[in-house]
Amino acid sequence: MATLVVANIAIVEKENVIRDGRPVFVRLAPVDPRSLMQGDYMQLDFGLPNRWGWNNHHRGDQRPTVFVRPDPALPLAHTLHPTSGEEVRQANDLEVPLSAKDGGWVFVTDAWFFKEGDAERYAQARYGEFRILPNGSALLVGMADGQLRPIR
């Protein structure tokens, strides 16, 4: 019974992020193209360079965060910026905690799963489509091409 309650709470939380979150598109960084070979899975990277030194900027059990900032060159597109002392928060920034994965940090997730046989269509992905709440809760909801058109 407790497992069912926890699962239902997680579903409701994700529904809230999808419904109320701000649409945000973040550019994908290059990843090994063989990650599409399984036919239903794509490995993702949203460009968190190692030079940011995440392990040096977070304290104890507190997760490091990034500023998700509108990109002036492309409406709805956003860029990631470290929240270290060198970056000043701007008015439209959203602060999102990073997620621990395999001894490092990722922006929300490092994978996108799709129906088998759709790999060719998703190979056109250039942006991850997210919904982000003001409190930093974020969810990857889709992929988009270079003109931010959703890939469905």
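Let me begin by describing the structure that accompanies this report. (Residues numbered from 1 in each chain as written. Predicted model: local features only at pLDDT ≥ 70, side-chain atom pairs only at ≥ 80, totals over all residues. Heavy atoms only, no water.)

Attention now moves to the overall build of the chain. Looking only at helices and strands, one finds 3 helices and 11 strands in the chain. The order of α-helices and β-strands along the chain, N terminus first, is α-β-β-α-β-β-β-β-β-β-α-β-β-β. The burial tally for the chain puts 40% of its 152 residues in the buried class. Contacts in the chain between residues far apart in sequence, at least 24 positions, make up 61% of those at least 6 positions apart. (Helix = DSSP H or I, 4+ residues; strand = E, 2+ residues; numbered from the N terminus. Buried < 20%, exposed > 50% of the residue type's maximum accessible area, 1.4 Å probe, protein only. Contact = heavy atoms within 4.5 Å.)

For the coordinates displayed, the defined rule picks out 6 aromatic pairs. With a centroid separation of 5.1 Å and an interplanar angle of 50°, the aromatic rings of Y41 and F113 are classed as tilted. With Y41 in strand β2 (residues 41-43) and F113 in strand β8 (residues 111-113), this pair connects stretches of sequence that are 72 residues apart. Residue Y41 is classed as buried on the basis of its relative accessible area, which comes to 18%. Ring geometry for F107 and F130: centres 5.1 Å apart, planes at 65°, overall edge-to-face. Of this pair, F107 sits in the loop between β7 (104-106) and β8 while F130 is found in strand β9 (residues 127-132), placing the two residues 23 residues apart along the sequence. Like F130, F107 is buried. Joined through ring pairs, the aromatic side chains of F46, F107 and F130 make up one cluster. (Phe/Tyr/Trp six-rings, centres within 6.5 Å; stacked < 30°, edge-to-face > 60°.)

Here we take up the side chain of D110. Following the sequence through the fold, D110 ends up in the loop between β7 and β8. Of the polar contacts made by the side chain of D110, one reaches the side chain of K101; its length is 3.3 Å. For D110, the residues in contact, after removing those within four places along its chain, are Y41, M42, Q43, L44 and K101. (Polar contact = N/O pair within 3.5 Å; in protein donor to acceptor, adjacent residues only side chain to side chain.)

Judged by nonpolar contacts, the single largest core of 25 residues is most densely connected at F46, V68, F107 and M143. Those elements giving two or more residues to this core turn out to be β1 (22-27), β3 (65-70), β5 (94-97), α3 (119-122), β9 and β10 (138-144). Ignoring sequence-local partners within four residues, the contact set of F107 consists of V26, F46, L48, V66, V68, L80, V96, L98, F130 and I132. Membership of the second largest hydrophobic core comes to 5 residues, among which are F25, A77, Y127 and L148. (Core = buried A, V, L, I, M, F, W, Y, C linked by side-chain atoms within 4.5 Å.)

Moving on: the pattern of salt bridges. Scanning the model with the defined rule gives 8 salt bridges in all. A salt bridge links D145 to R149, with the shortest nitrogen-to-oxygen separation between them at 2.8 Å. Using a relative accessible area of 13% as the deciding quantity, one classes D145 as buried. Under the relative-accessibility criterion, R149 is labelled partly exposed at 48%. Sharing partners across several salt bridges, the network here consists of E129, R131 and R152. (Salt bridge = Lys/Arg side-chain N within 4 Å of Asp/Glu carboxyl O.)

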